[in-house]
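# Summary of the model geometry
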Amino acid sequence: EEQVYFFLATLERARAEGIRTLVYWPQVNPHLEKILAEDERIAILKRRLTREAQDRGARVLDLGQEKQGRCASFYDASHLSIQCFPAITGFLLDQFK
């Protein structure tokens, strides 16, 4: 809950200052994605934070569901390889156009 508090406070501040905000769920490797999908607590948290972000004017993307946000190279279970970042960064920046 402490992290949620700061997340929401940051979104509130961005909205008050007129800063366009993009919140994204990162892609994780297929094994971890399956484990997370099976845990209802993760789904509840994801729905809650998505709703809270949208209610505060943020755009929300799930990079695991976006073709342009996917990458097949991982450093470990939850961290994308640095090779993925140029394409993903470009995709995220395009979302502000």
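To be clear, the structure that these remarks concern was listed above.
Residues numbered from 1 in each chain as written. Predicted model: local features only at pLDDT ≥ 70, side-chain atom pairs only at ≥ 80, totals over all residues. Heavy atoms only, no water.

Glancing now at the state of the cysteines. Applying the stated criterion across every chain yields a total of one disulfide. Across the disulfide from Cys 71 sits Cys 84; the S-S distance is 1.8 Å. Linking Cys 71 and Cys 84, the disulfide has an S-S dihedral of approximately -65° and is accordingly described as left-handed. Remark: Cys 84 occurs in the loop between strand 2 (59–62) and helix 4 (85–94) and Cys 71 occurs in the loop between strand 2 and helix 4; sequence separation between them is 13 residues. The same class applies to Cys 71 as to Cys 84, namely buried. (Disulfide = S-S within 2.5 Å. Helix = DSSP H or I, 4+ residues; strand = E, 2+ residues; numbered from the N terminus. Buried < 20%, exposed > 50% of the residue type's maximum accessible area, 1.4 Å probe, protein only.)

A word on the packing of helix 1 (residues 2–16) against helix 3 (residues 40–55). Helix 3 packs onto helix 1 with a crossing angle of 20° between their chain directions and a minimal axis gap of 9 Å. By the angle between their directions, the pair helix 1 and helix 3 is classed as roughly parallel. In this structure, the crossing between helix 1 and helix 3 has a hand that is right-handed. Between helix 1 and helix 3, the residues in contact are Val 4, Phe 7, Leu 8, Leu 11 and Arg 15 and Arg 48, Leu 49, Glu 52, Ala 53 and Asp 55, respectively. Classifying every residue of the contact of helix 1 with helix 3 gives six nonpolar, no polar and four charged. (Axes fitted to C-alpha atoms, helices over the stretch in contact; angles between N-to-C directions. Parallel < 35°, antiparallel > 145°, perpendicular 65-115°, else oblique. Left-handed = near helix turned anticlockwise from the far one by under 90°. Contact = heavy atoms within 4.5 Å. Nonpolar A, V, L, I, M, F, W, Y, C, P; charged D, E, K, R; others polar.)

On to the pattern of salt bridges. Tallied over the entire structure, the rule returns eight salt bridges. The closest approach of N and O atoms between Arg 13 and Glu 17, which form a salt bridge, is 3.8 Å. Considered together, Arg 13 and Glu 17 belong to a single accessibility category, that of exposed residues. One salt bridge connects Asp 39 with Arg 41, and the closest N-O pair in it is separated by 2.8 Å. It is possible to trace a salt-bridge network through shared partners that takes in Glu 12, Glu 52 and Arg 56. (Salt bridge = Lys/Arg side-chain N within 4 Å of Asp/Glu carboxyl O.)

Within the element layout of this structure, Glu 52 appears in helix 3. Residue class for Glu 52 comes out buried when judged on its relative accessible area of 15%. Within the structure, the side chain of Glu 52 is placed 2.5 Å from the side chain of Arg 56, a separation counted as a polar contact. (Polar contact = N/O pair within 3.5 Å; in protein donor to acceptor, adjacent residues only side chain to side chain.)

With that out of the way, let us pick up helix 2 (residues 30–37). Among the eight residues in helix 2, zero count as buried, and that is only a small part of the element. The N-cap of helix 2, judged by a side-chain oxygen 2.9 Å from the amide nitrogen of His 31 a few residues on, is Asn 29.

With that settled, the discussion passes to the nonpolar core. One finds Leu 22, Leu 61, Leu 63, Cys 71, Leu 80, Cys 84, Ile 88, Phe 91 and Leu 92 forming the largest nonpolar core, which totals nine residues. The element best represented in this core is helix 4, accounting for three residues. Leave out the neighbours within four places in its chain, and Cys 84 touches Cys 71 and Ser 73. In terms of nonpolar packing, the next biggest core, distinct from the first, is built from eight residues, Val 4, Val 23, Leu 49 and Val 60 among them. (Core = buried A, V, L, I, M, F, W, Y, C linked by side-chain atoms within 4.5 Å.)

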